[in-house]
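The primary structure of each chain is shown beneath.
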Amino acid sequence: MLELIVSATSIDFIKKCDFCDAFIIGEKGKGLRLPHYFSFNEMKDILNLVKKRNQKLYIACNKIFHEDELVDADHYLKQISTLDIDGIIFGDLGIYQIAKKYQLVHKLIYHPETYLTNYESVRFFSNKGIKRVSIAKEITLDDIIEIASKKSIEIDILGHGAVNMFHSMRDLVTNYYKFLKHDQPTKYRNESLYIVEEIRDDKYPMIEDENGTHIFSAYDMCIIQHLDELIKNHVTSIRIEGLFKTDDVLLGITKVYYDAYRDYYHDINKYKSNKDEYINRLKSINGIQPFKDGFLFKKTIYKGDENNERGKKT
Amino acid sequence: MSAVKKPELLAPAGDLEKLKIAILYGADAVYIGGKEFSLRARASNFSIEDIKKAVDFANEHQAKVYVTTNIIAHNENLENLAPYLKALETSGVKAIICADAFVIESSKKVVPNMEIHLSTQQSITNSEAINFWYNEGVSRVVIARELSVEEIKQIAKRSKADIEVFIHGGMCVSYSGRCTLSNHMTDRDANRGGCAHSCRWNYRLYNQSDELISSKEGYYNLGSKDLMAVQFIPELINAGVDSLKIEGRMKSIHYIATVVGTYRKIIDEYCANPKDFVLDDKYFQEISRAENRQTSIGALGGKPTEDEQLYNVRTEKPTQEFIAMVLDYDENTKYATIEQRNYFTVGQACEVYGPKFRKDYFTVEKLYDEDHQEIEIARHPRQILKVKIPFTVYPYDIIRKKR
């Protein structure tokens, strides 16, 4: 069964969302780009709640750790090792090293954002004893299928939501305001902003937080029309990204995906004939961000074209 | 005798001529890109034949050649890696610089005697991550350009692998390897050699109420100034860093000669006598001769501030100072054969700049073209000329305008 995972926006959301398979939650200072940060005690309460409902819980420990944060990371994994959680999402291989100390390797889900783009590298990590890998968002459906069909390890992909495309350690909004000699340079910290490139119209969401500055694609990812191929070819889980979503929007999206995959398991033809309906239902969610199918049918260009340095206008 | 461990000086080379310059001006090792599996696809990449020539030249000068194979591969890029790695090994390449787990794993299997260096594309920021890759056969890690000197000191103490640190050149403002602006904005794959440098473009910044919150006249920019770590070299050497790396496979030979020559001088002088070493202004002056982009200290001094950002700079002008390169010198006639690189005329006051920070000065008095016709103006790019120089000069010496 395909696992439907949602990164949670609040405790309230988790209480309401009793139909998805799993949640992603995390703590400030350890999780990266999470829609909400929970305290350790809140996470324990959430664990109790979701276990009662037979849902799974994954803790995101996916930040890029600098040397002086290793002690903290070590302490955190030790704490986590006492919890009956289903997985730990990480993006920094230092976490793998620490997880060995606490016998947590089998719970690890390697999610390095951009680094897993081929089946051989996925196989490499499958040999490391970890539970699952999240593959990159920038590859095609054919590539995803080729990777997943090797069945070397559980495969997770982004199903719906914000697509991160840039992470700087720098405070790129604050730095700019300091350059402008603004009297409140940190005014926009933790606020959802967007940027527009001079010859393009797209609005790229951007946020500066304690981990630096993050920029996202102008369109959310949406794979709802391809669940059949993904399931058939052994993709294990899809993530619905809660970042920038209100509880209601996230709940709405999750419900459509839940219905779609239930349709699939009950009657594949019903799923197939309902594909447009799912899109319409998603579009009718009040406040939902614009979405597309990302790189599923768009192969990125290997090497560059030096005569087109600025790229084509999209 | 050296009082401290001398790190390797590692320089980029976009082609064979630049490779020779880099080595002659003091690089202990150079890194080049092959035709496949390499980022910086547009930096005139080396064929296997060229790589052999590069290694031959390097061997003559006790230098090493590393080859970048640092793409994050897609399924269709996986084929032909093994024969390519073997060809590199046969060519005498000492190390490959890679970022994809499969490339690393394959190298360990296919070419066990070649060193594996982990590219900065993996943005490694802590010693545990280094030690993960060390256990996988990586002997050296090019650590992230997000690290301060203090962090580098701590990491160097705990790292099992050798540490390589960028000291000069272009910077990603994003954690390297984790940026796909180019993919999303232009379809060009940043992790497969297609980076369009979208972080250097002009933007406008808005808040959620659609209010423009960047300057109304100018643009909002993300890009980073280039890195210049001159002032941190002593500390990096003391930290025990194994290799100091200059970025820029697309840079000119003047840039390579100047930047490599200057860092060579700093490293040698510091290591020879750390106590009495003074960070002379001449080093900064020298680099500014060839550096046409704004520089900063990157993250070496801590989290970058507005001083490390590049705002409202559209293009950089190439410096016009480099006017010719020496091809040959006739001791009897005192005439040098030179190749023109920028416009100059008779009467031009010149500085000859050679390896080991050698400098001498002359004024162009007599100038001839290839057909021995006396001329007044050298206006044709790459034109072969003869010029009288009263002292001995050597092939690959740089002739530039005197300041």
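Residues numbered from 1 in each chain as written. Chains lettered and ligands numbered in written order. Predicted model: local features only at pLDDT ≥ 70, side-chain atom pairs only at ≥ 80, totals over all residues. Heavy atoms only, no water.

1. A look at the sheet that holds strand β8 (residues 203-207) of chain B
Stage number 1. The strand order β8(A)-β11(A)-β10(A)-β9(A)-β8(B) describes an open sheet built from five strands, whose pairing is antiparallel. A strand with exactly one partner marks an edge of an open sheet, and here the two such strands are β8 (164-168) of chain A together with β8 of chain B. Taking each pair of neighbouring strands and ignoring which way they run, the sheet shows an average axis angle of 25 degrees.
Stage number 2. Here three bridges tie strand β9 (residues 193-197) of chain A to strand β10 (residues 204-209) of chain A, and the two strands are oriented antiparallel to one another. (Pairing = 2+ DSSP bridges. Helix = DSSP H or I, 4+ residues; strand = E, 2+ residues; numbered from the N terminus. Axes fitted to C-alpha atoms, helices over the stretch in contact; angles between N-to-C directions.)

2. Comments concerning the interface of chain A and chain B
Stage number 1. Every contact between the two is made by 80 residues of chain A and, on the other side, 86 residues of chain B.
Stage number 2. Summed over both sides, the interface between chain A and chain B buries roughly 7,600 Å², with carbon and sulfur atoms accounting for 54% of that surface.
Stage number 3. Of all residues in chain A, A:Glu67, A:Tyr115 and A:Arg170 give up the largest surface area on contact with chain B, accounting jointly for 11% of the area buried on that side.
Stage number 4. In this structure, A:Glu67 and B:Arg158 form a salt bridge, with 2.7 Å as the shortest nitrogen-oxygen distance.
Stage number 5. Counting the contacts that link chain A with chain B gives 54 residue pairs in polar contact (both at pLDDT 80 or more).
Stage number 6. The leading source of residues in the side of chain A that touches chain B is helix α7 (residues 172-179) of chain A, at seven residues.
Stage number 7. Direction of pairing for β9(A) relative to β8(B): antiparallel, over a ladder of five bridges. Looking across to β8(B), one finds that A:Val196 is bridged to B:Arg204. (Contact = heavy atoms within 4.5 Å. Buried area = accessible area lost by both parts, 1.4 Å probe. Salt bridge = Lys/Arg side-chain N within 4 Å of Asp/Glu carboxyl O. Polar contact = N/O pair within 3.5 Å; in protein donor to acceptor, adjacent residues only side chain to side chain.)

3. Structural notes on the domain arrangement of chain B
All names here are of chain B.
Stage number 1. By domain assignment, chain B separates into domain 1 (8-308) and domain 2 (322-401).
Stage number 2. Here domain 1 and domain 2 have C-alpha centroids that lie 33 Å from each other.
Stage number 3. Contacts between the two partners involve 15 residues from domain 1, matched on the other side by 15 residues from domain 2.
Stage number 4. Buried area between domain 1 and domain 2, summed over both chains or domains, comes out near 1,400 Å², and the portion from carbon and sulfur atoms is 59%.
Stage number 5. The interface formed by domain 1 and domain 2 includes five salt bridges.
Stage number 6. A salt bridge links Glu-17 to Arg-382; the nearest nitrogen and oxygen atoms lie 3.9 Å apart.
Stage number 7. Elements represented by at least two residues in the side of domain 1 that touches domain 2 include exactly α1 (16-24), α9 (253-272) and α10 (281-290).
Stage number 8. With seven residues, α9 is the single largest residue contributor to the side of domain 1 that touches domain 2.
Stage number 9. Tallied by class, residues from the side of domain 1 that touches domain 2 come to six nonpolar, four polar and five charged. (Domains from an automatic or database assignment. Nonpolar A, V, L, I, M, F, W, Y, C, P; charged D, E, K, R; others polar.)

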